[in-house]
Amino acid sequence: MQFDELYPSKFLRASDLNGAPITVTIGGVSRENVGGEPKVIIRFASGEKPLICNKTNGKTLAKLFGKDTADWIGKQIVLFPCEVDFKGDSVEAVRIRAARVAAKPAATEMNDEIGF
């Protein structure tokens with residue numbers, strides 16, 4: 001039995017990513033009590049486990065999409081596992097970065113300008 005199976009979580013953990021990044025679409029943002037403390041929860045449109053959004057990830061989202069959390073909904077992001085320092089220990093965490101948007105091919109842009 002895997003260690004994480006001994007302590008299941010309804011929230012996304014770095015180990016759930018199996019060492020690989022995933023691209024998700026933000027479906028909702030809310031504040032909920034988790035373990036008696038208010039936490040920001042990010043839900044995803046495709047049904048992955050929700051993510052407890054710490055301040056580091058919240059700042060990343062605000063930088064990417066603005067400070068109004070309503071503007072985050074529908075945006076694609078990449079979740080990836082990362083080793084971070086937490087109280088002197090190295091622990092695995094989930095971090096967020098922008099999803100890459102496919103650029104239009106140059107020929108198509110040129111044709112658009114010409115009117116084709």
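In the block above lies the structure referred to throughout.
The structure displayed is predicted, hence computed values, not measured ones. Each residue is numbered by its place in its chain's sequence as written, counting from 1. Two thresholds apply to this predicted model, a pLDDT of at least 70 for residue-level local features and 80 or more for giving and counting side-chain atom pairs, whereas whole-chain, interface and lining totals are computed over all residues. Each side-chain value is derived from all of the structure's non-hydrogen atoms; neither hydrogens nor water enter the calculation.

Enquirer: Run through the pairing of strand β5 (residues 89-98), naming residues and quoting values.
Expert: Paired strands, as defined in this entry, are two strands with at least two bridges between them according to DSSP. Secondary structure elements follow DSSP: runs of H or I of four or more residues count as helices, runs of E of two or more count as strands, with numbering from the N terminus. When strand β4 (residues 76-86) meets β5, the two strands line up antiparallel, connected through 10 bridges. Directly across from Glu83, in β5, lies its bridge partner Glu92. In this structure, the hairpin formed by β4 and β5 is closed by a connection of 2 residues, where Lys87 is found at a positive phi of approximately 55 degrees.

Enquirer: Summarise the sheet that holds β4; cite the residues concerned and give the values.
Expert: Taken in spatial order, the 5 strands make up an open sheet running β3-β2-β1-β4-β5, and their pairing is antiparallel. Strands at the two margins of the open sheet, each flanked by one partner only, are β3 (51-53) and β5. When strand polarity is set aside, the average angle formed by the axes of neighbouring strands in this sheet is 40 degrees. One ladder, built from 3 bridges, connects strand β2 (residues 37-44) with β3; its direction is antiparallel. Between the N-to-C directions of two axes lies an angle of 0 to 180 degrees, each axis being a line fitted to C-alpha atoms and, for a helix, fitted only over the stretch in contact.

This is a description of form; function is not addressed.
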